[in-house]
Amino acid sequence: MTQKTISLNEKAYKQIKKLKKKGESYSDLVLRLCASKDESDEEDILLQLVGAFKNDADYWELVEKQIQKSRDAHLTEEEG
Amino acid sequence: MNYLLDTGIIIGLLRETPIIVEKYRMLPQGRSTALTVYSLTELFEGINKIANSDKRDAQSKILKILIGQFEKKKLIFALTRLQAEDYSKLKIALERNGTPIPVMDLLIGTIAIDKNSILITTDQTHFKTLKKIAPQLNVEFW
């Protein structure tokens, strides 16, 4: 398989070295980290639903403003 | 790291507000994000005001899918009995300071403080006021 060389600064190298398991190559480590990031994103339903209301973006912008107004109208009362 | 999302952030993600989506994607890996029932009331209100019934049903389904996933992880919070006491103390402190804030903001802020979560919100004004009274509130303004 073709090999590629990347360079890391000292700090990044120390960080990544800490994550490497015994017997694991740096390539395996990078693949493991990427897989776990993908898995974490996959589990995040909000990321999966990004843009679900995009067709009604203007309506939801208005809703946001109404929410703010409604919240402002229900202030905790000042002491009498 | 634990995050609590205010309503404006959830709407921003659903309607794909670029800056909110970008910042959300930058949150650390392994994070936990939670919602409050108070945000859900606001989101359902927004949906139930949609005149077109097909559209309303479709968006309601999406919201229920979202809620289902958060429920599975037990990451939808409401004020607990103990937090109710903290809420009242903060409310009194704000009132005595002459800086009342919206009830909804105080409910959400109290939960964020108690859960030691970082609150992510679009509302700078009121949560800045709350932070002055409760410096332990961790808040990010998007």
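Just above, that's the structure.
Residues numbered from 1 in each chain as written. Chains lettered and ligands numbered in written order. Predicted model: local features only at pLDDT ≥ 70, side-chain atom pairs only at ≥ 80, totals over all residues.

### So, the pairing of strand β2 (residues 32-36) of chain B
Residue and element names in this part refer to chain B. We count it as follows: When DSSP finds at least two bridges between two strands, those strands are taken to pair. Numbering goes from the N terminus for both helices and strands, where a helix is a DSSP run of H or I of at least four residues and a strand is a run of E of at least two.
One ladder, built from three bridges, connects strand β1 (residues 2-5) with β2; its direction is parallel. Looking at the pairing, N2 lines up with S32 of β2. Sheet topology places β2 next to strand β3 (residues 76-77); two bridges connect them, and they run parallel. Across the sheet, residue T36 finds its bridge partner in β3, namely F77.

### Section: the sheet that holds β2 of chain B
What links the strands of a sheet is backbone hydrogen bonding, and the strands pair in either a parallel or an antiparallel sense. All names here are of chain B. Put simply, the rule reads: Each residue is represented by a C-beta atom placed from its backbone, and any two residues with such atoms within 7 Å are regarded as in contact. Fitting a line to C-alpha atoms yields each axis, with helices limited to the stretch in contact; the angle taken between N-to-C directions then spans 0 to 180 degrees.
If you walk across this open sheet you meet the five strands as β3-β2-β1-β4-β5, and the pairing is parallel. Only two strands of the sheet have a single partner each, and these edge strands are β3 and β5 (138-141). The sheet strands contacting helix α1 (residues 7-14) are β1, β2 and β4 (118-121), and the helix crosses β4 at an angle near 60°. Across the sheet, helix α3 (residues 37-48) is in contact with β2 and β3; its angle to β2 comes to roughly 65°.

### Comments concerning the pairing of β5 of chain B
Residues and elements named next belong to chain B. Going by this rule: Seen with its strands pointing away from the viewer, a crossover is right-handed if its path from the first strand over the helix to the second goes clockwise.
In the sheet, β4 pairs with β5 via four bridges, with the strands oriented parallel. When the bridges of β5 are listed, I120 appears paired with E140. Read from β4 through helix α7 (residues 124-133) to β5, the crossover connection turns out right-handed.

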